[in-house]
Amino acid sequence: MILLRAHRPGFLSTIQDLGRPGYLKEGLPPSGALDEPAFLAANLLVGNPIEAAALELTLWGGEWECLAGGWAAIAGADMKGRLNGEPIGNWRSLQLSRGDRLELGSCRNGCRTYFALEGGIEGTLVLGSRSTYLRAGLGGLQGRAIQSGDLLLARTKQERGEQSSQLWEEEQPGQQKVPRALEQSSIPNYPDPCILRVLWGPQEERFPAELRAVFSSSAYRVSERHDRMGVRLEGSSLAPPKGSDLLSQAIPPGAVQIPPDGQPMVMLADRQTTGGYAVIATVLGADLWKAGQMKAGDVVRFHPVPLEEARTAWRDFRAYLSQLPIHFYSL
Amino acid sequence: MREAPRFHLAGESGLWVELGTRIDPALSSLARALAARIEEWPEVEEAAPSYAGVLALYNPLATTMESLRERIAEAWAALDPEELPPSRTILLPVAYGGEYGPDLEAVADHTGFSAEEVLRRHASTLYLVHLIGFTPGFPYLGGLPPELATPRLPTPRTRVPAGSVGIAGSQTGVYSLESPGGWRLIGRTPTLLFDPRRDPPSLLRAGDRLRFRPLPSSDFSLLAEASARGERTWEEQL
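Once a new chain begins, its residue numbering starts again from 1 and follows that chain's sequence as written. The order in which chains are written sets their letters, starting at A; the order in which ligands are written sets their numbers, starting at 1. Side-chain atom pairs in this predicted model are given and counted only at pLDDT of 80 or more, local residue features only at pLDDT of at least 70, and totals for whole chains, interfaces and linings cover all residues.

Section: the overall build of chain A
Line of reasoning, step 1. Helical segments are the DSSP runs of H or I of at least four residues, strand segments are the runs of E of at least two, and each set is numbered from the N terminus. Per the secondary structure count, chain A includes five helices and 21 strands.
Line of reasoning, step 2. Against the compact-globule benchmark of 20 Å for 331 residues, chain A has a radius of gyration of 20 Å, which places it among compact chains.
Line of reasoning, step 3. Once the C-alpha set of chain A is aligned to its principal axes, its extents read approximately 65 × 40 × 35 Å.
Line of reasoning, step 4. A burial count over chain A gives 53% of its 331 residues as buried.
Line of reasoning, step 5. By definition, residues are in contact whenever their C-beta atoms, placed on the basis of the backbone, come within 7 Å of each other. Across chain A, contacts joining residues at least 24 apart in sequence account for 76% of those joining residues at least 6 apart. The reference for a compact globule is 2.2 Å times residues^0.38; the radius of gyration itself is calculated from the C-alpha atoms. Each residue is classified by how many other C-beta atoms fall within 10 Å of its C-beta atom, where C-beta atoms are placed from the backbone; a count of 20 or more means buried, 12 or fewer means exposed, and values in between mean partly exposed.

Take a look at the structure:
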């Protein structure tokens with residue numbers, strides 16, 4: 001069992017897992033970790049199944065006190081973690097002992113970091129997921145962000161006294177654990193400027209060739225308005241001449257919506273499920289995690305690709321994720 | 001002969017199936033039927049119907065966009081209007097006016113009716129749930145009597161309680177969650193439109209018919225508590 005207390009909870013820390021897809025027609029967005037590679041790396045480094053929930057830290061990570069020790073892992077934007085004052089690095093697992101203090105600062109590149117605990121962080125299971133959806137106040141810890149004084153608990157299956165279940169894999173008895181890390185060559189970077197590959201559509205026909213050229217050749221800056229719902233960008237206007245209104249319809253993940261002011265908005269996991277603004281392009285599934293790491297001031301460029309390239313990118317991305325554990329090494 | 005759908009890419013895992021460009025109840029029922037059919041296919045992860053189309057999210061490792069497009073076109077051509085999912089009529093209790101509907105008088109002033117007449121006209125209409133979206137459980141309703149149309153508030157409220165029934169221009173709707181908003185509030189339902197303890201969590205579904213049943217203000221709290229306990233506080237008309 002591992003028990004942590006939030007001494008300072010950071011800017012915005014929520015419990016997330018892979019989300020609850022399948023409820024768009026109920027008006028419920030999927031939620032879930034915005035940076036899947038970093039989330040999975042943290043979970044897998046600590047030996048968790050991919051379905052386990054972890055903590056998503058935003059912009060700065062805060063200070064966490066260990067009340068009962070166990071294995072933890074940290075991956076994502078580099079928050080310059082320190083354990084009892086000593087630098088610990090990133091993309092690695094480590095053993096926490098009772099009384100330890102883990103400090104996570106602010107990040108220069110990227111904005112989200114995942115903190116996994118062995119066994120998975122406990123949280124309210126809603127429609128198959130523990131992900132926190134702040135707007136409806138559901139999942140995670142009472143549907144809200146972690147506050148100072150909150151306790152986070154993680155137990156292995158044995159400690160929960162459960163027999164085999166679908167969610168939790170068998171732990172291997174007698175397995176000696178050592179701290180592990182992800183090879184440098186497999187660590188994603190969070191470059192600024194960030195290039196997001198997109199496919200045109202669904203409503204690219206609303207935008208004349210000149211506007212499409214502006215979209216694919218301009219640099220956009222991330223505004224202060226970015227959260228788990230979406231990222232608002234600032235730059236050359238893309239307002240379509242015949243207006244951007246359409247009949248309200250379901251918004252796909254990664255949609256680049258163009259509201260009447262012409263400033264693009266990339267829709268993320270907590271997005272409203274329907275909208276009435278034309279979507280000029282959709283960010284590739286293989287690049288969506290990059291959008292989840294963008295913060296105010298970052299520069300973004302859109303790079304339209306043909307469908308065949310998007311398919312290959314998706315296949316390569318899934319292969320990269322499934323092979324993450326091959327690239328772990330013992331510290 | 002049904003017009004063939006137009007297909008648009010929505011990423012490498014999404015296909016937007018455009019069936020039309022107008023609000024047409026017949027078309028939205030067909031969209032619903034098509035979505036229900038598509039969602040049965042193993043390569044499709046989710047299909048969300050809206051006014052005049054369906055968003056299909058699929059696994060691009062299990063199929064290609066081209067074969068999915070073809071399969072959807074065939075399913076659309078063969079769709080039998082007889083197999084439409086059944087439509088329910090839901091009666092939702094609403095306390096009109098007073099603290100629950102602070103803008104009822106303003107709507108009365110704007111429309112030239114008495115508050116009682118606004119209430120009577122609003123509550124005697126059968127509305128159609130076109131789609132659920134925006135926020136969890138929020139119904140986009142069609143059918144507001146045109147004479148009740150009232151512009152939004154000049155300055156939106158920072159906090160509108162969940163369950164508030166409002167009018168905005170020619171639309172009427174129910175806030176499913178507490179949120180900011182500029183709709184004119186004429187009443188409030190004690191019934192939770194969205195309850196994550198239920199599966200499906202949304203009370204209303206696209207295609208449902210909805211009627212508001214006036215509720216004495218004195219009964220509001222009792223029903224709100226019952227709804228919070230997970231009890232059924234709405235009725236289905238057969």
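Points about the interface of chain B and chain A
Line of reasoning, step 1. Each partner contributes residues to the interface: chain B has 40 residues there, and chain A has 35 residues.
Line of reasoning, step 2. Here the side of chain B that touches chain A is composed, by residue class, of 25 nonpolar, 11 polar and four charged. Any residue that is not Ala, Val, Leu, Ile, Met, Phe, Trp, Tyr, Cys, Pro, Asp, Glu, Lys or Arg is counted as polar, Gly included; the first ten are nonpolar and the last four charged.

Notes on unusual backbone geometry
Line of reasoning, step 1. The residue after Asp192 of chain A, namely Pro193 of chain A, is reached through a cis peptide bond having omega 5°.
Line of reasoning, step 2. Topologically, Pro193 of chain A is positioned in the loop between β12 (180–182) and β13 (194–200).
Line of reasoning, step 3. With an omega of 5°, the peptide bond running from Asp199 of chain B to Pro200 of chain B counts as cis.
Line of reasoning, step 4. Counting through the fold element by element, Pro200 of chain B comes out in the loop between β12 (184–188) and β13 (209–214).
Line of reasoning, step 5. Even without being glycine, Leu127 of chain A reaches a positive phi, approximately 50°.
Line of reasoning, step 6. Of note, Leu127 of chain A is situated in the loop between β10 (112–117) and β11 (151–154).

What to know about the pairing of strand β5 (residues 89–96) of chain B
Residues and elements named next belong to chain B.
Line of reasoning, step 1. Where burial is concerned, most of β5 is hidden: six out of the eight residues are buried.
Line of reasoning, step 2. Across three bridges, β5 lies against strand β14 (residues 235–237) in antiparallel orientation. Bridging from a neighbouring strand, Thr89 pairs with Gln237 of β14.
Line of reasoning, step 3. Should DSSP find at least two bridges between two strands, the strands are taken to pair. Where β5 and β13 come together, six bridges link them in parallel fashion. Bridge pairing in β13 links Thr89 to Arg209.
Line of reasoning, step 4. Note that β5 and β12 share two bridges and pair antiparallel. Bridge pairing in β12 links Ala95 to Arg188.

Structural notes on the sheet that holds strand β2 (residues 14–18) of chain B
Residues and elements named next belong to chain B.
Line of reasoning, step 1. Across the sheet, which stays open at both edges, the four strands sit in the order β1-β2-β4-β3 with antiparallel pairing between neighbours. Each edge of the sheet is formed by a strand with only one pairing partner; in this case those strands are β1 (6–9) and β3 (44–50). Taking each pair of neighbouring strands and ignoring which way they run, the sheet shows an average axis angle of 20°.
Line of reasoning, step 2. Bridging between β3 and strand β4 (residues 53–58) involves six bridges; their strand directions are antiparallel. Note on geometry: axes are lines fitted to C-alpha atoms, helical ones only across the stretch in contact, with angles between N-to-C directions running from 0 to 180 degrees.

Here's the deal with the sheet that holds β11 of chain A
All names here are of chain A.
Line of reasoning, step 1. Pairing is antiparallel across the open sheet formed by six strands, whose spatial order is β7-β6-β9-β4-β1-β11. With partners counted over all chains shown, the strands left at the sheet margins are β7 (86–87) and β11, one partner each.
Line of reasoning, step 2. Two strands pair when backbone bridges link them, and strand β1 (residues 2–8) and β11 are joined in this way by four bridges, in the antiparallel orientation. What sits directly across from Ile2, in β11, is Ala154.

Brief notes about the domain arrangement of chain B
One frequent convention defines the size of an interface as the accessible area lost when the parts assemble.
Residue and element names in this part refer to chain B.
Line of reasoning, step 1. Partitioning chain B into domains gives domain 1 (6–83) and domain 2 (89–237).
Line of reasoning, step 2. Boundaries between domains were set according to an automatic or database domain assignment. Using only C-alpha atoms to locate each centre, domain 1 and domain 2 end up separated by 30 Å.
Line of reasoning, step 3. Each partner contributes to the interface: domain 1 provides eight residues, whereas domain 2 provides six residues.
Line of reasoning, step 4. Elements with a contribution of two residues or more to the side of domain 1 that touches domain 2: α1 (25–38) and β3.
Line of reasoning, step 5. In terms of residue count, α1 provides more of the side of domain 1 that touches domain 2 than any other element does, four residues in total.

A look at helix α1 (residues 36–45) of chain A
Line of reasoning, step 1. Of all 10 residues making up α1 of chain A, 10 are buried, and the element is well covered by its neighbours.
Line of reasoning, step 2. Taken from the residues just after α1 of chain A, Gly47 of chain A is the one with a positive phi, measuring 85°.

Some remarks on the environment of Phe115 of chain A
Residues and elements named next belong to chain A.
Line of reasoning, step 1. Within the fold, Phe115 resides in strand β10.
Line of reasoning, step 2. Look at Phe115 and you get buried, because 27 C-beta atoms sit within 10 Å.
Line of reasoning, step 3. Residues Phe115 and Gly27, 88 residues apart in the sequence, show an inter-C-alpha distance of 29 Å.
Line of reasoning, step 4. Contacts of Phe115, omitting those with residues within four sequence positions, involve Ala42, Ala54, Leu55, Leu57, Ala72 and Ile74.

Concerning the confidence of the model for chain A
Line of reasoning, step 1. pLDDT gives the predictor's per-residue confidence on a scale running from 0 to 100. Summing up the model confidence of chain A, the mean pLDDT is 93 and the portion of residues at 70 or higher is 96%.
Line of reasoning, step 2. Per-residue pLDDT stays below 50 along residues 164–171 of chain A; that stretch engages in 10 contacts with residues further than four places along the chain or on separate chains.

Notes on the domain arrangement of chain A
All names here are of chain A.
Line of reasoning, step 1. In terms of domain boundaries, chain A breaks down into domain 1 (2–161 + 178–184) and domain 2 (194–322).
Line of reasoning, step 2. Taken over C-alpha atoms, the centre of domain 1 sits 27 Å from the centre of domain 2.
Line of reasoning, step 3. Taken together, the 20 residues of domain 1 in the interface contact 12 residues of domain 2.
Line of reasoning, step 4. Ranked by the residues each element gives to the side of domain 1 that touches domain 2, the list is headed by α1, at three residues.
Line of reasoning, step 5. Residues of the side of domain 1 that touches domain 2, tallied by class, amount to 11 nonpolar, five polar and four charged.

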